[in-house]
Amino acid sequence: MFLSKRGNFGQHMKFLRFCSTSPGFLRYGKDPAPFFIDPQVQKLLKSVTGINYDKIFSKLSKKENLVDLQFMTAEKLQKQVKVAHHRAQKLLQMPPIVKVHEENLRIISQEPEMDGFSDSKYVAIDISFDVKDTKRVVLVRHQNGNLETAPLDVRKRVTQIYVPHENRKITKPKMFEPEFFERVLEEQKYEFILDRACTQFEPYEQEYHDITSQTYQHINKNKRFNDLRSTRHFGTMTFFLAWHKMIDDLLLDCLKRGFLRNAVEIILLHHKLHAISDEEAVQKCLTENPDTRDVAKEYYEAMISGTNHGMHQKIDYDAEKIKQENARDEAFLQQIEQYAKSHGVKKIFLETAIQTCREEMEKKMGDARQVASS
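Residues numbered from 1 in each chain as written. Predicted model: local features only at pLDDT ≥ 70, side-chain atom pairs only at ≥ 80, totals over all residues. Heavy atoms only, no water.

1. Thoughts on the packing of helix α9 (residues 206–222) against helix α10 (residues 234–243)
Helix-helix packing is described using two parameters, namely the angle between the two axes and the distance between the axes.
Consideration 1: Put simply, α9 and α10 touch, their axes get as near as 10 Å, and they point 85° apart. Between α9 and α10, the angle falls in the class roughly perpendicular. Here Ser213, Tyr216, Gln217, Ile219 and Asn220 of α9 come into contact with α10, specifically with Thr236, Met237, Phe240 and Leu241. (Axes fitted to C-alpha atoms, helices over the stretch in contact; angles between N-to-C directions. Helix = DSSP H or I, 4+ residues; strand = E, 2+ residues; numbered from the N terminus. Parallel < 35°, antiparallel > 145°, perpendicular 65-115°, else oblique. Contact = heavy atoms within 4.5 Å.)

2. Quick word on empty space enclosed by the protein
Consideration 1: Tallying each qualifying case throughout the model produces 2 cavities of 30 Å³ or more.
Consideration 2: Each pocket or cavity is described by its volume, and for the largest cavity that value is around 130 Å³.
Consideration 3: Of all the elements, α9 adds the most residues to the lining of the largest cavity, at 5 residues.
Consideration 4: Classifying every residue of the lining of the largest cavity gives 10 nonpolar, 4 polar and 1 charged. (1 Å grid on protein atoms, 1.4 Å probe; cavity = no way out; pocket = protein on both sides within 12 Å on 5 of 7 lines; lining within 4 Å. Points joined across faces, edges and corners; volume = space filled by probe spheres on them. Nonpolar A, V, L, I, M, F, W, Y, C, P; charged D, E, K, R; others polar.)

3. Let's talk about the nonpolar core
Consideration 1: If you look at the biggest cluster of nonpolar residues, it comprises 59 residues, and the most contacted ones within it are Phe239 and Leu255.
Consideration 2: Apart from residues no more than four positions distant in its own chain, phenylalanine 239 is found in contact with Tyr28, Pro32, Phe35, Phe36, Val41, Leu45, Ile97, Leu269 and Leu273.
Consideration 3: The next biggest cluster of nonpolar side chains, apart from the first, holds 9 residues, and it includes Ile56, Leu77, Ala88 and Tyr299. (Core = buried A, V, L, I, M, F, W, Y, C linked by side-chain atoms within 4.5 Å. Buried < 20%, exposed > 50% of the residue type's maximum accessible area, 1.4 Å probe, protein only.)

4. Observations regarding the pairing of strand β3 (residues 138–141)
Consideration 1: Across the two faces of β3 the burial is the same, with Val138 and Val140 and Leu139 and Arg141 all buried.
Consideration 2: In this structure, β3 lies alongside strand β4 (residues 147–149), joined through 3 bridges in antiparallel fashion. Each bridged residue has a counterpart across the sheet, and for valine 140 the counterpart in β4 is glutamate 148.
Consideration 3: The turn linking β3 back onto β4 is made up of 5 residues, and glycine 145 within it adopts a positive phi angle of 100°. (Pairing = 2+ DSSP bridges.)

5. Quick notes on the side chain of serine 118
Consideration 1: Along the chain, the position of serine 118 falls in the loop between β1 (107–109) and β2 (122–125).
Consideration 2: A polar atom in the side chain of serine 118 sits 3.1 Å from the backbone nitrogen of serine 120. (Polar contact = N/O pair within 3.5 Å; in protein donor to acceptor, adjacent residues only side chain to side chain.)

6. Examining helix α3 (residues 39–49)
Consideration 1: All of the buried residues along α3 are Val41, Gln42, Leu44, Leu45, Val48 and Thr49. Down the axis, α3 shows its buried residues gathered within 160° of arc, on one side only. Exposed residues pointing more than 90 degrees away from the buried face of α3 are listed as Pro39, Lys43 and Lys46.
Consideration 2: In the core, the buried residues of α3 are packed alongside α2 (33–36), α10 and α12 (260–273).
Consideration 3: Between the side-chain oxygen of the N-cap and the backbone nitrogen of glutamine 40 there are 3.0 Å, and the N-cap of α3 in question is aspartate 38.
Consideration 4: Positive phi appears at glycine 50, one or two residues downstream of α3, with a value of about 75°. (Arc of directions from axis to C-beta.)

7. Describing the packing of α3 against α10
Consideration 1: At a minimum axis distance of 8 Å, the contact between α3 and α10 shows a crossing angle of 120°. Here the hand of the crossing between α3 and α10 comes out right-handed. Facing α3, whose interface residues are Val41, Leu45, Val48 and Thr49, α10 presents Phe234, Gly235, Thr238 and Phe239.
Consideration 2: Here the contact of α3 with α10 is built from residues that sort into 5 nonpolar, 3 polar and no charged. (Left-handed = near helix turned anticlockwise from the far one by under 90°.)

8. What to know about the pairing of β2
Consideration 1: The side-chain alternation of β2 yields one buried face, formed by Val123 and Ile125, and one unburied face, formed by Tyr122 and Ala124.
Consideration 2: In terms of strand pairing, β2 meets β3 through 4 bridges, oriented antiparallel. Bridge pairing links alanine 124 to leucine 139 in β3.

9. Overview of the sheet that holds β2
Strand pairing in a sheet relies on backbone hydrogen bonds, with the paired strands running either antiparallel or parallel.
Consideration 1: Taking strand neighbours across the sheet as the criterion, the 4 strands line up as β1-β4-β3-β2 in an open arrangement whose pairing is antiparallel. A single partner strand is all that each edge strand has here, and the edge strands are β1 and β2. Recorded for the sheet is a direction-independent mean angle of 30° between the axes of neighbouring strands.
Consideration 2: Here 2 bridges tie β1 to β4, and the two strands are oriented antiparallel to one another. Looking at the pairing, isoleucine 107 lines up with glutamate 148 of β4.
Consideration 3: Across the face of the sheet, helix α6 (residues 152–162) comes into contact with β2 and β3 while running at roughly 60° to β2.

Structure follows, in C-alpha coordinates:
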(Lines give C-alpha, C1' and ligand atoms only; values in the text may rest on other atoms or scores of the structure.)
Protein backbone atom coordinates (compact mmCIF):
# COMPACT_ATOMS: atom_id res chain seq x y z
CA MET A 1 0.00 0.00 0.00
CA PHE A 2 1.32 3.44 -0.90
CA LEU A 3 0.77 6.16 1.67
CA SER A 4 1.78 9.67 0.77
CA LYS A 5 2.77 11.64 3.88
CA ARG A 6 3.76 14.86 2.15
CA GLY A 7 0.47 16.76 2.49
CA ASN A 8 -0.30 15.62 6.06
CA PHE A 9 3.25 16.30 7.23
CA GLY A 10 3.10 19.85 5.89
CA GLN A 11 -0.23 20.52 7.59
CA HIS A 12 1.06 19.02 10.83
CA MET A 13 4.14 21.24 10.87
CA LYS A 14 1.99 24.25 10.02
CA PHE A 15 -0.24 23.47 13.00
CA LEU A 16 2.74 23.10 15.35
CA ARG A 17 4.22 26.40 14.16
CA PHE A 18 0.84 28.04 14.80
CA CYS A 19 0.66 26.57 18.31
CA SER A 20 4.22 27.39 19.27
CA THR A 21 3.84 31.03 18.27
CA SER A 22 0.44 31.50 19.93
CA PRO A 23 0.67 33.92 22.88
CA GLY A 24 0.62 32.19 26.26
CA PHE A 25 0.61 28.69 24.76
CA LEU A 26 0.99 26.19 27.60
CA ARG A 27 2.07 22.55 27.74
CA TYR A 28 2.69 20.07 30.52
CA GLY A 29 6.35 20.15 31.48
CA LYS A 30 6.27 16.62 32.92
CA ASP A 31 3.99 13.59 32.88
CA PRO A 32 0.67 14.73 34.42
CA ALA A 33 -0.89 11.24 34.49
CA PRO A 34 0.31 10.17 37.99
CA PHE A 35 -1.17 13.37 39.44
CA PHE A 36 -4.41 13.15 37.47
CA ILE A 37 -5.23 9.55 38.40
CA ASP A 38 -4.52 10.11 42.09
CA PRO A 39 -7.76 9.11 43.95
CA GLN A 40 -7.86 12.32 46.00
CA VAL A 41 -7.39 14.46 42.90
CA GLN A 42 -10.14 12.54 41.09
CA LYS A 43 -12.47 13.06 44.04
CA LEU A 44 -11.82 16.81 44.00
CA LEU A 45 -12.34 17.07 40.24
CA LYS A 46 -15.64 15.17 40.37
CA SER A 47 -16.86 17.37 43.21
CA VAL A 48 -16.10 20.67 41.46
CA THR A 49 -17.71 19.41 38.23
CA GLY A 50 -21.13 19.16 39.87
CA ILE A 51 -24.23 17.39 38.62
CA ASN A 52 -26.97 19.32 36.84
CA TYR A 53 -29.37 16.74 35.37
CA ASP A 54 -31.07 19.24 33.07
CA LYS A 55 -27.75 20.11 31.46
CA ILE A 56 -26.34 16.57 31.36
CA PHE A 57 -29.34 15.01 29.63
CA SER A 58 -30.36 17.99 27.48
CA LYS A 59 -27.84 17.06 24.75
CA LEU A 60 -29.18 13.52 24.30
CA SER A 61 -31.05 13.55 20.99
CA LYS A 62 -33.22 10.99 19.22
CA LYS A 63 -33.94 10.47 15.53
CA GLU A 64 -37.63 10.91 16.24
CA ASN A 65 -38.87 13.66 18.50
CA LEU A 66 -40.86 11.43 20.84
CA VAL A 67 -41.57 11.84 24.54
CA ASP A 68 -42.09 8.74 26.64
CA LEU A 69 -44.52 9.50 29.46
CA GLN A 70 -45.04 6.95 32.23
CA PHE A 71 -47.13 6.83 35.39
CA MET A 72 -44.96 5.79 38.34
CA THR A 73 -45.34 5.21 42.03
CA ALA A 74 -43.15 7.23 44.36
CA GLU A 75 -40.93 4.19 44.93
CA LYS A 76 -40.47 3.55 41.21
CA LEU A 77 -39.77 7.22 40.56
CA GLN A 78 -37.11 7.25 43.27
CA LYS A 79 -35.52 4.18 41.70
CA GLN A 80 -35.48 5.82 38.26
CA VAL A 81 -33.87 8.93 39.73
CA LYS A 82 -31.07 6.75 41.12
CA VAL A 83 -30.66 5.15 37.68
CA ALA A 84 -30.45 8.63 36.13
CA HIS A 85 -27.84 9.61 38.73
CA HIS A 86 -25.74 6.58 37.81
CA ARG A 87 -26.05 7.41 34.09
CA ALA A 88 -25.09 11.02 34.77
CA GLN A 89 -21.92 9.93 36.56
CA LYS A 90 -20.96 7.76 33.58
CA LEU A 91 -21.56 10.66 31.18
CA LEU A 92 -19.33 12.86 33.34
CA GLN A 93 -16.38 10.46 33.07
CA MET A 94 -13.40 12.75 32.42
CA PRO A 95 -11.08 12.28 29.44
CA PRO A 96 -7.68 11.10 30.73
CA ILE A 97 -4.67 13.36 30.86
CA VAL A 98 -1.45 11.60 29.87
CA LYS A 99 1.92 12.67 28.57
CA VAL A 100 2.52 13.16 24.86
CA HIS A 101 3.60 10.01 23.05
CA GLU A 102 7.24 10.05 22.03
CA GLU A 103 8.12 8.39 18.76
CA ASN A 104 10.29 5.31 19.23
CA LEU A 105 10.79 3.93 15.74
CA ARG A 106 12.63 0.63 15.59
CA ILE A 107 14.22 -1.15 12.65
CA ILE A 108 12.88 -4.71 12.63
CA SER A 109 15.10 -5.96 9.82
CA GLN A 110 17.43 -4.70 7.10
CA GLU A 111 17.26 -6.42 3.74
CA PRO A 112 19.48 -4.54 1.27
CA GLU A 113 18.69 -7.09 -1.47
CA MET A 114 15.19 -5.51 -1.64
CA ASP A 115 16.63 -2.02 -2.27
CA GLY A 116 14.89 -0.57 -5.33
CA PHE A 117 12.30 -3.34 -5.45
CA SER A 118 9.53 -0.71 -5.48
CA ASP A 119 9.14 3.04 -5.68
CA SER A 120 6.52 2.94 -2.91
CA LYS A 121 6.44 2.09 0.76
CA TYR A 122 4.38 -0.89 1.93
CA VAL A 123 2.43 -0.94 5.18
CA ALA A 124 1.46 -4.12 7.03
CA ILE A 125 -1.11 -4.02 9.85
CA ASP A 126 -2.53 -6.61 12.23
CA ILE A 127 -6.32 -6.31 11.83
CA SER A 128 -7.27 -8.73 14.62
CA PHE A 129 -10.39 -7.49 16.43
CA ASP A 130 -9.20 -8.44 19.93
CA VAL A 131 -6.07 -6.26 19.86
CA LYS A 132 -5.91 -2.76 21.35
CA ASP A 133 -4.87 -0.07 18.90
CA THR A 134 -1.91 0.87 21.10
CA LYS A 135 -0.69 -2.75 20.91
CA ARG A 136 -1.55 -3.32 17.25
CA VAL A 137 1.47 -4.14 15.08
CA VAL A 138 1.90 -1.73 12.17
CA LEU A 139 5.07 -2.00 10.08
CA VAL A 140 6.45 -0.07 7.11
CA ARG A 141 8.65 -1.58 4.39
CA HIS A 142 10.80 1.23 2.98
CA GLN A 143 12.14 1.45 -0.57
CA ASN A 144 15.65 0.58 0.66
CA GLY A 145 14.39 -2.72 2.10
CA ASN A 146 14.32 -1.70 5.77
CA LEU A 147 11.34 -2.93 7.80
CA GLU A 148 10.47 -0.46 10.58
CA THR A 149 7.71 0.22 13.07
CA ALA A 150 5.29 2.79 11.66
CA PRO A 151 5.32 6.38 12.92
CA LEU A 152 2.27 7.60 14.83
CA ASP A 153 0.60 9.44 11.93
CA VAL A 154 0.84 6.36 9.68
CA ARG A 155 -0.39 4.04 12.46
CA LYS A 156 -3.41 6.23 13.08
CA ARG A 157 -4.33 6.64 9.41
CA VAL A 158 -4.02 2.94 8.53
CA THR A 159 -5.80 1.83 11.71
CA GLN A 160 -8.71 4.12 10.91
CA ILE A 161 -8.98 2.54 7.47
CA TYR A 162 -9.02 -1.10 8.61
CA VAL A 163 -10.29 -0.85 12.21
CA PRO A 164 -12.26 2.43 12.15
CA HIS A 165 -13.32 4.38 15.23
CA GLU A 166 -16.88 5.68 15.09
CA ASN A 167 -17.14 9.33 13.93
CA ARG A 168 -13.36 9.65 13.52
CA LYS A 169 -12.10 10.95 10.17
CA ILE A 170 -9.05 9.61 8.36
CA THR A 171 -7.84 13.17 7.82
CA LYS A 172 -7.96 15.92 10.42
CA PRO A 173 -11.24 17.93 10.32
CA LYS A 174 -10.96 21.40 8.84
CA MET A 175 -12.12 22.99 12.09
CA PHE A 176 -8.77 22.08 13.67
CA GLU A 177 -6.70 23.66 10.92
CA PRO A 178 -4.96 26.87 12.07
CA GLU A 179 -6.87 29.15 9.68
CA PHE A 180 -10.22 27.92 11.04
CA PHE A 181 -9.56 27.02 14.66
CA GLU A 182 -9.42 30.56 16.04
CA ARG A 183 -12.73 31.28 14.33
CA VAL A 184 -14.27 28.19 15.95
CA LEU A 185 -12.99 29.29 19.36
CA GLU A 186 -14.55 32.72 18.92
CA GLU A 187 -17.94 31.02 18.52
CA GLN A 188 -17.44 29.76 22.10
CA LYS A 189 -18.85 26.30 21.44
CA TYR A 190 -16.32 24.82 23.81
CA GLU A 191 -18.05 21.56 24.66
CA PHE A 192 -18.46 20.77 20.96
CA ILE A 193 -14.76 21.52 20.32
CA LEU A 194 -13.57 19.31 23.17
CA ASP A 195 -15.97 16.47 22.31
CA ARG A 196 -14.74 16.58 18.72
CA ALA A 197 -11.11 16.58 19.86
CA CYS A 198 -11.75 13.50 22.03
CA THR A 199 -13.28 11.73 19.03
CA GLN A 200 -10.61 12.64 16.51
CA PHE A 201 -7.46 12.34 18.62
CA GLU A 202 -6.01 10.07 21.26
CA PRO A 203 -5.12 11.64 24.65
CA TYR A 204 -1.40 11.02 24.05
CA GLU A 205 -1.26 12.92 20.73
CA GLN A 206 0.46 16.30 20.62
CA GLU A 207 -2.39 17.78 18.58
CA TYR A 208 -4.89 16.78 21.27
CA HIS A 209 -2.78 18.51 23.91
CA ASP A 210 -2.42 21.61 21.73
CA ILE A 211 -6.13 21.92 20.95
CA THR A 212 -7.33 21.37 24.52
CA SER A 213 -4.69 23.74 25.87
CA GLN A 214 -5.79 26.56 23.58
CA THR A 215 -9.45 25.87 24.35
CA TYR A 216 -8.96 25.96 28.12
CA GLN A 217 -6.96 29.20 27.84
CA HIS A 218 -9.69 30.74 25.68
CA ILE A 219 -12.32 29.78 28.27
CA ASN A 220 -10.20 31.27 31.04
CA LYS A 221 -9.64 34.46 29.08
CA ASN A 222 -13.36 34.92 28.43
CA LYS A 223 -14.42 33.62 31.87
CA ARG A 224 -16.87 31.11 30.36
CA PHE A 225 -16.33 28.43 32.99
CA ASN A 226 -20.03 27.73 33.44
CA ASP A 227 -20.22 26.52 29.84
CA LEU A 228 -18.36 23.38 30.94
CA ARG A 229 -19.89 22.85 34.38
CA SER A 230 -21.67 19.51 34.65
CA THR A 231 -19.83 18.23 31.58
CA ARG A 232 -17.01 15.69 31.40
CA HIS A 233 -14.54 18.43 30.46
CA PHE A 234 -14.85 20.66 33.53
CA GLY A 235 -12.58 18.48 35.67
CA THR A 236 -9.82 18.29 33.07
CA MET A 237 -10.00 22.06 32.53
CA THR A 238 -9.75 22.64 36.28
CA PHE A 239 -6.74 20.32 36.46
CA PHE A 240 -5.09 22.21 33.57
CA LEU A 241 -5.64 25.60 35.21
CA ALA A 242 -4.41 24.38 38.59
CA TRP A 243 -1.34 22.78 37.00
CA HIS A 244 -0.39 26.08 35.37
CA LYS A 245 -1.29 28.21 38.43
CA MET A 246 -4.16 29.96 36.66
CA ILE A 247 -7.07 29.37 39.06
CA ASP A 248 -7.78 32.97 40.10
CA ASP A 249 -10.50 33.65 37.52
CA LEU A 250 -12.09 30.28 38.25
CA LEU A 251 -12.13 31.13 41.96
CA LEU A 252 -13.77 34.46 41.17
CA ASP A 253 -16.45 32.63 39.20
CA CYS A 254 -17.08 30.29 42.16
CA LEU A 255 -17.35 33.24 44.54
CA LYS A 256 -19.76 34.99 42.20
CA ARG A 257 -22.02 31.92 42.04
CA GLY A 258 -21.75 31.06 45.73
CA PHE A 259 -19.79 27.82 45.16
CA LEU A 260 -17.50 28.44 48.13
CA ARG A 261 -16.79 24.80 48.87
CA ASN A 262 -15.82 24.22 45.22
CA ALA A 263 -13.46 27.20 45.46
CA VAL A 264 -11.71 25.67 48.48
CA GLU A 265 -11.50 22.31 46.68
CA ILE A 266 -9.82 24.02 43.72
CA ILE A 267 -7.32 25.64 46.10
CA LEU A 268 -6.61 22.23 47.66
CA LEU A 269 -6.04 20.80 44.16
CA HIS A 270 -3.64 23.66 43.41
CA HIS A 271 -1.70 23.00 46.62
CA LYS A 272 -1.54 19.23 45.96
CA LEU A 273 -0.15 19.69 42.46
CA HIS A 274 2.53 22.11 43.64
CA ALA A 275 3.32 20.60 47.07
CA ILE A 276 2.37 23.77 48.95
CA SER A 277 2.54 23.55 52.75
CA ASP A 278 -0.92 25.11 53.22
CA GLU A 279 -2.48 21.88 51.90
CA GLU A 280 -3.09 20.44 55.38
CA ALA A 281 -4.99 23.52 56.59
CA VAL A 282 -7.21 23.54 53.50
CA GLN A 283 -7.86 19.81 53.82
CA LYS A 284 -8.77 20.26 57.49
CA CYS A 285 -11.27 22.98 56.57
CA LEU A 286 -13.02 20.68 54.10
CA THR A 287 -13.00 17.77 56.55
CA GLU A 288 -14.51 19.86 59.34
CA ASN A 289 -17.20 21.15 56.97
CA PRO A 290 -18.30 18.02 55.07
CA ASP A 291 -20.58 18.17 52.06
CA THR A 292 -23.79 16.46 53.22
CA ARG A 293 -25.75 17.01 50.02
CA ASP A 294 -27.50 14.09 48.34
CA VAL A 295 -27.99 15.27 44.77
CA ALA A 296 -30.23 12.36 43.74
CA LYS A 297 -32.44 12.84 46.81
CA GLU A 298 -32.70 16.60 46.22
CA TYR A 299 -33.64 16.02 42.60
CA TYR A 300 -36.28 13.45 43.61
CA GLU A 301 -37.82 15.82 46.16
CA ALA A 302 -37.83 18.60 43.59
CA MET A 303 -39.71 16.38 41.12
CA ILE A 304 -42.26 15.36 43.78
CA SER A 305 -42.85 19.00 44.72
CA GLY A 306 -43.10 20.01 41.07
CA THR A 307 -40.26 22.53 41.18
CA ASN A 308 -37.55 22.85 38.57
CA HIS A 309 -34.41 21.53 40.22
CA GLY A 310 -31.53 23.93 39.96
CA MET A 311 -33.71 26.86 38.92
CA HIS A 312 -35.98 27.51 41.89
CA GLN A 313 -34.61 27.28 45.39
CA LYS A 314 -36.68 27.54 48.53
CA ILE A 315 -35.71 30.50 50.70
CA ASP A 316 -35.17 29.32 54.26
CA TYR A 317 -35.39 32.01 56.93
CA ASP A 318 -34.48 29.74 59.84
CA ALA A 319 -32.09 32.02 61.72
CA GLU A 320 -30.27 29.17 63.48
CA LYS A 321 -29.74 27.28 60.23
CA ILE A 322 -28.49 30.41 58.46
CA LYS A 323 -26.09 31.05 61.36
CA GLN A 324 -24.61 27.57 60.90
CA GLU A 325 -24.35 28.02 57.13
CA ASN A 326 -22.65 31.40 57.58
CA ALA A 327 -20.13 29.88 59.99
CA ARG A 328 -19.31 27.19 57.42
CA ASP A 329 -19.06 29.72 54.60
CA GLU A 330 -16.86 31.99 56.72
CA ALA A 331 -14.44 29.09 57.20
CA PHE A 332 -14.34 28.63 53.42
CA LEU A 333 -13.85 32.36 52.84
CA GLN A 334 -10.90 32.43 55.25
CA GLN A 335 -9.15 29.73 53.20
CA ILE A 336 -9.83 31.61 49.96
CA GLU A 337 -8.57 34.80 51.60
CA GLN A 338 -5.38 33.05 52.70
CA TYR A 339 -4.81 31.83 49.14
CA ALA A 340 -5.34 35.36 47.80
CA LYS A 341 -2.74 36.79 50.20
CA SER A 342 -0.12 34.08 49.67
CA HIS A 343 -0.55 32.91 46.08
CA GLY A 344 -3.22 35.01 44.36
CA VAL A 345 -2.35 36.70 41.09
CA LYS A 346 -5.55 38.77 41.12
CA LYS A 347 -5.42 39.54 44.83
CA ILE A 348 -7.52 42.73 44.75
CA PHE A 349 -10.33 41.13 42.74
CA LEU A 350 -10.43 38.12 45.04
CA GLU A 351 -10.53 40.28 48.18
CA THR A 352 -13.35 42.36 46.73
CA ALA A 353 -15.35 39.23 45.85
CA ILE A 354 -14.77 37.83 49.35
CA GLN A 355 -16.04 41.06 50.91
CA THR A 356 -19.14 40.93 48.69
CA CYS A 357 -19.85 37.37 49.87
CA ARG A 358 -19.59 38.46 53.50
CA GLU A 359 -21.97 41.35 52.93
CA GLU A 360 -24.49 38.97 51.35
CA MET A 361 -24.17 36.62 54.33
CA GLU A 362 -24.86 39.49 56.73
CA LYS A 363 -27.85 40.61 54.68
CA LYS A 364 -29.30 37.09 54.66
CA MET A 365 -28.89 36.88 58.43
CA GLY A 366 -30.53 40.27 58.87
CA ASP A 367 -33.49 39.23 56.71
CA ALA A 368 -33.94 36.06 58.78
CA ARG A 369 -33.97 38.04 62.01
CA GLN A 370 -36.48 40.49 60.58
CA VAL A 371 -38.78 37.65 59.51
CA ALA A 372 -38.43 36.02 62.95
CA SER A 373 -39.36 39.23 64.76
CA SER A 374 -42.39 40.00 62.56
